Amino acid sequence: MQKEEKIQRKEAIEKKEMTVMAISIKKLDEKHDVARYLVKGASPSFINMIRRGIMLHTPCLAVEKVSIYENDSVMFDEMLAHRLGMMPIKMDKTYKMGDKVKLVVEKEGPCTVYAKDIKSTDPKAEVADKNILITKLEKDQRLRLEMEAEVNTGETHVKWQPAIVSYKEVPELVVSKDCNQCKDCIKICPEGILEVKGKTIAFTDPNACSLCRACVDACGKGAIKLVYNKNEYILIIESAGGMSPKEIISSTVKAMLEKNKEIGKALAKAK
Amino acid sequence: MMIPVRCFSCGKQLAGVYEEFQKRVEKGEQPEKVMDDLGVKRYCCRRMIFSQVDLIDMIGKFKS
Ligand code: SF4
Ligand code: SF4
Ligand SMILES: [Zn+2]
């Protein structure tokens with residue numbers, strides 16, 4: 001039974017032939033710091049290299065050291081320091097790997113401490129989202145601390161990961177002549193992106209397809225198939241807020257080139 | 001105690017949208033619509049928000 005299903009799945013995701021073509025990138029949309037790009041002419045390993053490059057090798061800013069002088073809030077010092085470390089911080093292009101910047105916060109209750117209460121000593125670096133909740137102070141409670149933010153990469157700690165990155169294939173629908181337009185697939189599609197078009201079923205927006213394959217399973221006639229294009233991917237970059245998605249990609253490309261140079265140098269020395 | 005700054009599973013920053021979420025839900029908007037609107041789409045992030053119990057105000061009273 002299981003084996004049968006496996007074979008069916010394999011058939012359904014049979015891929016198109018791969019062709020070599022130049023890479024092109026088109027921005028599909030950007031909302032809430034989430035950008036979607038259509039990348040053509042890339043292979044799965046290549047697009048995954050970009051993804052890993054963003055997650056592991058792209059420098060960004062995060063709080064590394066916290067000196068707490070006064071903390072009367074009910075939040076423990078360790079918890080408070082952890083919250084501050086998780087906070088995304090914006091930086092401009094002049095910041096390089098290893099650079100440091102000092103941030104301070106001083107508040108007296110009763111009040112809620114937000115990220116906007118944190119003052120940076122350098123106008124080129126500031127907290128990305130001013131509304132982040134840090135802690136709460138009751139009457140007569142005081143908070144006074146100093147932070148040191150550092151530029152580093154996700155390889156060291158996830159707090160230096162500038163974005164959440166994912167990618168997916170662009171699907172194509174193949175509907176056979178057996179289709180009787182019962183609309184079962186249209187009803188079940190969780191994204192609501194299928195429609196009747198002439199005598200077949202078609203996408204209204206293939207880029208919105210989540211590849212869940214519910215439409216394939218729903219069809220009693222086995223008339224619908226999803227075929228993935230091996231050369232086209234949708235790259236989704238959800239910036240943590242420190243840099244724009246475009247800045248993240250260009251900074252990643254730069255970081256990867258540096259890495260390649262390192263390999264070249266090491267190779268030259270190798271006997 | 002207080003909404004975590006990021007989602008435990010995927011790392012999306014959530015502490016910045018939590019107050020707006022609370023305010024809009026109090027006004028009578030549907031929680032799922034507000035979350036969609038704020039860009040909180042994955043269910044890992046959604047459970048962070050709707051399973052949150054704010055205890056900090058209560059605990060705050062017991063510290064001098
Ligand atoms: S479920 Fe199958 S038969 Fe029904 S409309 Fe979709 S593709 Fe056609
Ligand atoms: S794979 Fe899922 S999202 Fe895509 S068209 Fe089919 S049912 Fe809709
Ligand atoms: Zn999440």
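In case you missed it, the structure is sitting above this.
K.L.:
Describe in detail the pattern of salt bridges, supporting the description with residues and values.
P.N.:
Tallied over the full model, the rule gives 20 salt bridges over all chains. The salt bridge involving B:Asp57 is made with A:Lys136; its shortest N-O contact spans 3.3 Å. With B:Asp57 in helix H4 (residues 56–60) and A:Lys136 in strand E9 (residues 133–137), this residue pair bridges two chains. The salt bridge partner of B:Glu20 is B:Arg24, with a shortest N-O separation of 3.1 Å. One end of the pair is B:Glu20 and the other is B:Arg24, both in helix H1 (residues 18–26) and four residues apart, which spans about a single turn. Under the relative-accessibility criterion, B:Glu20 is labelled partly exposed at 39%. Taken together, the salt bridges that share partners define one network made up of A:Glu70, A:Glu106, A:Glu108, A:Arg142 and A:Arg144.

K.L.:
I'd like a description of the interface of chain B and chain A, backed by residues and values.
P.N.:
Taken together, the contact pairs 23 residues of chain B with 25 residues of chain A. Counting the surface lost from both chain B and chain A, the interface buries some 2200 Å², and carbon and sulfur atoms represent 57% of this. Linking chain B with chain A are two salt bridges, by the criterion used here. Between B:Arg42 and A:Glu238 there is a salt bridge, with the nearest N and O atoms lying 2.6 Å from each other. Taken together, the connections running from chain B to chain A amount to eight residue pairs in polar contact (both at pLDDT 80 or more). Put simply, the parts of the chain that give the side of chain B that touches chain A at least two residues each are H1 and H4 of chain B. Looking at the side of chain B that touches chain A element by element, the count peaks at four residues for H4(B).

K.L.:
So what about the coordination of the zinc ion (ligand 3)? Which residues, and what values?
P.N.:
Think of it this way: four donors in a tetrahedron around the metal ideally sit 109.5 degrees apart, and six in an octahedron ideally sit 90 or 180 degrees apart. Residues and elements named next belong to chain B. Within the first shell, the zinc ion (ligand 3) binds the protein through Cys-7 (SG), Cys-10 (SG), Cys-44 (SG) and Cys-45 (SG), at distances of 2.3 to 2.4 Å. Note that the zinc ion (ligand 3) binds four donor atoms; their angles at the metal cover 94 to 117°, and the shape is tetrahedral. The motif formed by the donor residues of the zinc ion (ligand 3), counted along the single chain, is C-x2-C-x33-C-C. Taken together, the residues Cys-10 in the segment before H1 and Cys-44 in helix H3 (residues 43–50) connect sequence positions 34 residues apart. By relative accessible area, which is 18% here, Cys-10 ends up buried.

K.L.:
Any chance you could break down the site of ligand 2 for me, citing the residues and the numbers?
P.N.:
Lining the immediate environment of ligand 2, one finds 13 residues, of which A:Cys189, A:Cys209, A:Cys212, A:Arg213 and A:Cys215 sit closest. Looking at side-chain class alone, the shell around ligand 2 contains ten nonpolar, one polar and two charged residues.

K.L.:
So what about the packing of aromatic side chains? Which residues, and what values?
P.N.:
Residues and elements named next belong to chain A. For the coordinates displayed, the defined rule picks out one aromatic pair over all chains. Pairing Tyr-167 with Tyr-233 gives two aromatic rings, centres 6.1 Å apart and planes at 80°, and the pair type is edge-to-face. Pair noted here: Tyr-167 is in strand E11 (residues 163–175) and Tyr-233 is in strand E14 (residues 224–239), with a separation of 66 residues, a long-range link. Its relative accessible area of 30% is what places Tyr-167 among the partly exposed residues.

K.L.:
A description of the layout of surface pockets should follow, citing residues and the corresponding values.
P.N.:
The rolling of a water-molecule-sized probe over the atoms marks out the regions of remaining empty space. Estimated volume of the largest pocket: approximately 880 Å³. Where the lining of the largest pocket is concerned, the elements lending two or more residues are strand E1 (24–31), strand E2 (34–40), E11 and E14 of chain A. The dominant element in the lining of the largest pocket, judged by the number of residues it contributes, is E11(A), at five residues. Partitioned by chemical class, the residues of the lining of the largest pocket number eight nonpolar, four polar and eleven charged. The computed volume of the second largest pocket comes to approximately 750 Å³. Forming the walls of the second largest pocket are 35 residues, and the residues nearest its centre are B:Val5, B:Arg6, B:Gly11, B:Lys12 and B:Gln13. At the level of secondary structure, the elements contributing two or more residues to the lining of the second largest pocket comprise helix H3 (77–86), E11 and E14 of chain A. Counting residues per element, the lining of the second largest pocket draws most heavily on H3(A), at four residues.

K.L.:
So what's going on with the sheet that holds E2(A)? Residues and values would help.
P.N.:
Whether parallel or antiparallel, the strands of a sheet pair through hydrogen bonds between backbone atoms. All names here are of chain A. With antiparallel pairing, the four strands of this open sheet are ordered in space as E1-E2-E14-E11. Each having just a single partner strand, E1 and E11 make up the two edges of the open sheet. Here the strands of the sheet are splayed against their neighbours by 30° on average, with no regard to which way each runs. Relative to E14, E11 runs antiparallel, the two being bridged by twelve bridges. Each residue of the ladder has a partner; that of Pro-171, found in E14, is Tyr-228. Contacting E2, E11 and E14, helix H2 (residues 44–57) runs over the sheet at an angle of about 155° to E11.

Reading guide: rules and limits
- Residues numbered from 1 in each chain as written.
- Chains lettered and ligands numbered in written order.
- Predicted model: local features only at pLDDT ≥ 70, side-chain atom pairs only at ≥ 80, totals over all residues.
- Heavy atoms only, no water.
- Salt bridge = Lys/Arg side-chain N within 4 Å of Asp/Glu carboxyl O.
- Helix = DSSP H or I, 4+ residues; strand = E, 2+ residues; numbered from the N terminus.
- Buried < 20%, exposed > 50% of the residue type's maximum accessible area, 1.4 Å probe, protein only.
- Contact = heavy atoms within 4.5 Å.
- Buried area = accessible area lost by both parts, 1.4 Å probe.
- Polar contact = N/O pair within 3.5 Å; in protein donor to acceptor, adjacent residues only side chain to side chain.
- Donors = N, O, S within 2.8 Å, 3.2 Å for Na, K, Ca; no water.
- Tetrahedral: all angles 85-135°; square planar, octahedral: opposite > 155°, others 65-115°.
- Near = heavy atom within 4 Å.
- Nonpolar A, V, L, I, M, F, W, Y, C, P; charged D, E, K, R; others polar.
- Phe/Tyr/Trp six-rings, centres within 6.5 Å; stacked < 30°, edge-to-face > 60°.
- 1 Å grid on protein atoms, 1.4 Å probe; cavity = no way out; pocket = protein on both sides within 12 Å on 5 of 7 lines; lining within 4 Å.
- Points joined across faces, edges and corners; volume = space filled by probe spheres on them.
- Pairing = 2+ DSSP bridges.
- Axes fitted to C-alpha atoms, helices over the stretch in contact; angles between N-to-C directions.

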